[in-house]
Amino acid sequence: MLEQLLIFTRGGLILWTCKELGNALKGSPIDTLIRSCLLEERSGAASYNYDAPGAASYTLKWTFHNELGLVFVAVYQRILHLLYVDELLAMVKRDFSAIYDPKRVEYFDFDETFRQLRKEAEARVEELRKVKPLGNDGRKQQVVKKGSGGFDGGNKKNKSDAKEADGDDGKGTRLENGHTNGNHIVVGEGNRGMGLANGKENARSNNGAFDVSKLQKLKSKGVKKTTDTSVVVSKGSKADPKKKVTKKNRVWDDSPKDAKLDFTDPVEGNGNENENIQVVTADQGESMMDQEEIISSDSEEDEEDEEVGKDSKPDAKKKGWFSSMFQSIAGKANLEKADLEPALKALKDRLMTKNVAEEIAEKLCESVAASLEGKKLASFTRISSTVQAAMEEALVRILTPRRSIDILRDVHAAKEQRKPYVVVFVGVNGVGKSTNLAKVAYWLLQHKVSVMMAACDTFRSGAVEQLRTHARRLQIPIFEKGYEKDPAVVAKEAIQEAARNGSEVVLVDTAGRMQDNEPLMRALSKLIYLNNPDLVLFVGEALVGNDAVDQLSKFNQKLADLSASPNPRLIDGILLTKFDTIDDKVGAALSMVYISGSPVMFVGCGQSYTDLKKLNVKAIVKTLLK
């Protein structure tokens, strides 16, 4: 049963809703659809599934009228699989658009129209359901009629052959091809040879039946092969197994044995082997997080528009000078999908060359096509420029954070509640979690925030020593328990220690893990569940392309599936590393934000503590479309 049908404008004004349905929806599926799908440029999808709190789960389908700026949404329970929803939405869109007036707010007269449209859509589906079973029965009857003659012929031949060979009267003869005259199939040892002998005749007479004699031959061949291999194995087993020979190091020209290549400094008893490390002070400079990035002028965009115009000249010549000139002056009546496909294909290729995942680029183009289809092209504008402008708006909307990412404000709010602000750094191996944790610590120190590090990477060799080195250079405390300890317990004790000594922020370093490693992902889920951090930062490389989709989606999925909480914590923000090595291949930022819905909070762009900055959305969008 249809739960709800809603018509509203892109500005959020509800024009009409079905009062007959009147079912109270559990949760807020329409608000979630707008927030998670329509505003996030996922409107090119066919449907959206919403799991309401409790047992209810809904499927939402929608369509647009881009010229009028209307959105039509239908909601029904996922378990029902209603077949008439798409057709009903198309009919409602057609009839409502005919009576739509921008000055009107109420459309009570549309209730009767909707009632008729719904009955018509349901009637069509019922007709289709009645037609399909009849067609299937007819096909089955034809198959039986065609095969019945072959079965009789096969039975006759088998009976006659059996009488000649064995002298039986032919009663209850079992056929090897899997068919009998109403009797069950029982293939015994005695009649197996008969079946093999008559297999060819059965195959000729039974064109539509499955020939079991071929299967018996294949089985016999398989038995021969296995016996041959068993003989080979038995022959090989006679030889005595030799002991495993370990490979020795090669010695050249009887030279003396080389000493072990270990150049690490000897560790003293007090553990102060790194006393010669220089202490980093504020003289190193201001962090790039507090510096405003200057964006170049729009002259480059003008040059790009000129280049696009040059590229589009050959197409204009093909269409004809007068038709293209008239179309640019008068404007196209309504944009169709065929008109948008060339420009969208060029945009998709451009995004993929900028390291955007192919799946993300395709979904973005579908969403832009859905938002432009049916719109009227303005005068003196090209389709390519219209598509590019729509894509630019979509990219800015995706990359702009939907919530505040002001960590300093959240730190002060936690300080008022007399508890430390906890940040957990997660990610795959080798992306730079420990290094960028130190950069974040340096930036917080510049804002007079007391920081403590927690060495919860108890797996990788040297991880604790690496973090200890950063702590000494930055002159901040570090909580460590060594290796082979439970990271969740270490993090909990670190937070308790920070609360005792008055540290305002705890930065938790975790071990790198691949998204498919379930034991390590379970340990990470336990750490997050046990300590309930204020911020979970996913650290990812800006170099990744299609793998960014796999990493983030599986990280979020594992954290949700393996968590013991009914409301599991997922990734809250993203820290992109190695941003200085990618030139204009900035697509990883778009792929990660699109998949997770979380904002890019930090960007690592160098090796020093100051090389940490904010993501410049305008610069990223400009680079993606350049």
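This structure is a prediction, so every number in the text was calculated from the model and none was measured. (Residues numbered from 1 in each chain as written. Predicted model: local features only at pLDDT ≥ 70, side-chain atom pairs only at ≥ 80, totals over all residues. Heavy atoms only, no water.)

Caption draft 1: Just a nonpolar patch on the surface, in detail. A cluster of nonpolar side chains, Met 1, Ile 79 and Leu 80, forms an exposed patch at the surface whose accessible area comes to about 320 Å². Along the chain, Leu 80 falls in the loop between strand 5 (70–77) and helix 2 (85–99). (Patch = residues over 30% accessible without salt bridge, like charges linked within 9 Å, V, L, I, M, F, W, Y side chains within 5 Å. Areas by Shrake-Rupley, 256 points an atom, 1.4 Å probe, with all protein chains shown as cover. Salt bridge = Lys/Arg side-chain N within 4 Å of Asp/Glu carboxyl O. Helix = DSSP H or I, 4+ residues; strand = E, 2+ residues; numbered from the N terminus.)

Caption draft 2: Molecular detail of the environment of Asn 556. With respect to the secondary-structure elements, Asn 556 resides in helix 18 (residues 547–561). For Asn 556, a relative accessible area of 12% puts it in the buried group. Considering only alpha carbons, one finds Asn 556 and Arg 569, 13 residues apart in sequence, at a separation of 8.7 Å. Apart from the residues within four sequence positions on either side, Asn 556 is in contact with Leu 570, Ile 571 and Ser 596. (Buried < 20%, exposed > 50% of the residue type's maximum accessible area, 1.4 Å probe, protein only. Contact = heavy atoms within 4.5 Å.)

Caption draft 3: Looking closely at the pairing of strand 1 (residues 2–9). Within strand 1, eight of the eight residues are buried, which leaves the element mostly enclosed by the surrounding structure. As judged from the seven bridges shared by strand 1 and strand 5, these two strands associate in the antiparallel manner. What sits directly across from Gln 4, in strand 5, is Val 75. Strand direction decides the pairing type here: strand 1 and strand 2 (residues 14–17), joined by three bridges, are antiparallel. Each bridged residue has a counterpart across the sheet, and for Leu 6 the counterpart in strand 2 is Thr 17. Joining the antiparallel neighbours strand 1 and strand 2 is a turn of four residues, in which Gly 12 adopts a positive phi near 100°. (Pairing = 2+ DSSP bridges.)

Caption draft 4: View of the sheet that holds strand 4 (residues 57–65). One open sheet holds the five strands; their spatial order is 2-1-5-4-3, and the pairing between them is antiparallel. Bordering the open sheet on either side are strand 2 and strand 3 (48–51), each of which pairs with just one other strand. Within this sheet the neighbouring strands show an average axis-to-axis angle of 25°, counted without direction. Sheet topology note: the strand 4/strand 5 ladder contains eight bridges and is antiparallel. Paired with His 65 across the two strands is Leu 70, which belongs to strand 5. Across the sheet, helix 1 (residues 29–38) lies against strand 1, strand 3, strand 4 and strand 5, angled at about 60° from strand 4, the strand it touches most. Helix 2 contacts strand 1, strand 2, strand 4 and strand 5 of the sheet and is inclined by roughly 150° relative to strand 5. (Axes fitted to C-alpha atoms, helices over the stretch in contact; angles between N-to-C directions.)

Caption draft 5: Highlighting the side chain of Thr 458. On the secondary structure map, Thr 458 appears in the loop between strand 7 (451–455) and helix 15 (463–474). A polar atom in the side chain of Thr 458 sits 2.9 Å from the backbone oxygen of Lys 485. Setting aside residues up to four positions removed in sequence, Thr 458 forms contacts with Gly 482, Tyr 483, Glu 484, Lys 485 and Pro 487. (Polar contact = N/O pair within 3.5 Å; in protein donor to acceptor, adjacent residues only side chain to side chain.)

Caption draft 6: Inspection of the UniProt feature "domain: SRP54-type proteins GTP-binding" (unreviewed entry) in the protein at higher detail. Here, the residues flagged by UniProt with the feature "domain: SRP54-type proteins GTP-binding" (unreviewed entry) are residues 599–612. Regarding residues 599–612, the helix share stands at 0% and the strand share at 43%, and the terminal C-alpha atoms are separated by 16 Å. (UniProt positions renumbered as here; feature names shortened; annotations may be inferred.)

Caption draft 7: Inspection of the packing of helix 16 (residues 487–501) against helix 17 (residues 518–531) at higher detail. Where helix 16 meets helix 17, the closest approach of the two axes is 8 Å, and the angle between their N-to-C directions is 30°. Considering the angle they form, helix 16 stands roughly parallel to helix 17. Along this stretch, helix 16 crosses helix 17, giving a crossing that reads as right-handed. Seen from helix 16, the contacting residues are Pro 487, Ala 488, Ala 491, Lys 492 and Ile 495; seen from helix 17, they are Lys 526, Leu 527, Leu 530 and Asn 531. Residue composition of the contact of helix 16 with helix 17, by class: six nonpolar, one polar and two charged. (Parallel < 35°, antiparallel > 145°, perpendicular 65-115°, else oblique. Left-handed = near helix turned anticlockwise from the far one by under 90°. Nonpolar A, V, L, I, M, F, W, Y, C, P; charged D, E, K, R; others polar.)

Caption draft 8: A look at the packing of aromatic side chains. If you walk through the whole model with that rule in mind, you get ten aromatic pairs. Ring geometry for Trp 16 versus Phe 110: centroids 5.1 Å apart, planes at 90°, classification edge-to-face. Pair noted here: Trp 16 is in strand 2 and Phe 110 is in helix 3 (residues 110–166), with a separation of 94 residues, a long-range link. The exposure classification of Trp 16 matches that of Phe 110, with both residues buried. Between Tyr 442 and Tyr 609 the ring centres are 6.0 Å apart and the planes differ by 25°, which places this aromatic pair in the stacked class. Taken together, the residues span a long stretch of sequence, with Tyr 442 in helix 14 (residues 433–446) and Tyr 609 in the loop between strand 12 (600–604) and strand 13 (612–613) at a distance of 167 residues. Residue Tyr 442 is classed as buried on the basis of its relative accessible area, which comes to 4%. Members of the aromatic cluster, each reached through a chain of ring pairs, are Trp 16, Phe 72, Phe 96, Tyr 100, Tyr 107, Phe 110 and Phe 114. (Phe/Tyr/Trp six-rings, centres within 6.5 Å; stacked < 30°, edge-to-face > 60°.)

Caption draft 9: Inspection of the pairing of strand 6 (residues 421–427) at higher detail. Summarising burial for strand 6: seven of the seven residues are buried, a large majority. Burial along strand 6 is two-sided: Tyr 421, Val 423, Phe 425 and Gly 427 and Val 422, Val 424 and Val 426, pointing in opposite directions, are all buried. Direction of pairing for strand 6 relative to strand 9 (residues 505–509): parallel, over a ladder of five bridges. Looking across to strand 9, one finds that Val 423 is bridged to Leu 507. Judged from the five bridges that link them, strand 6 and strand 10 (residues 535–541) form a sheet pairing that is parallel. Its bridge partner lying in strand 10, Gly 427 is registered against Val 539.

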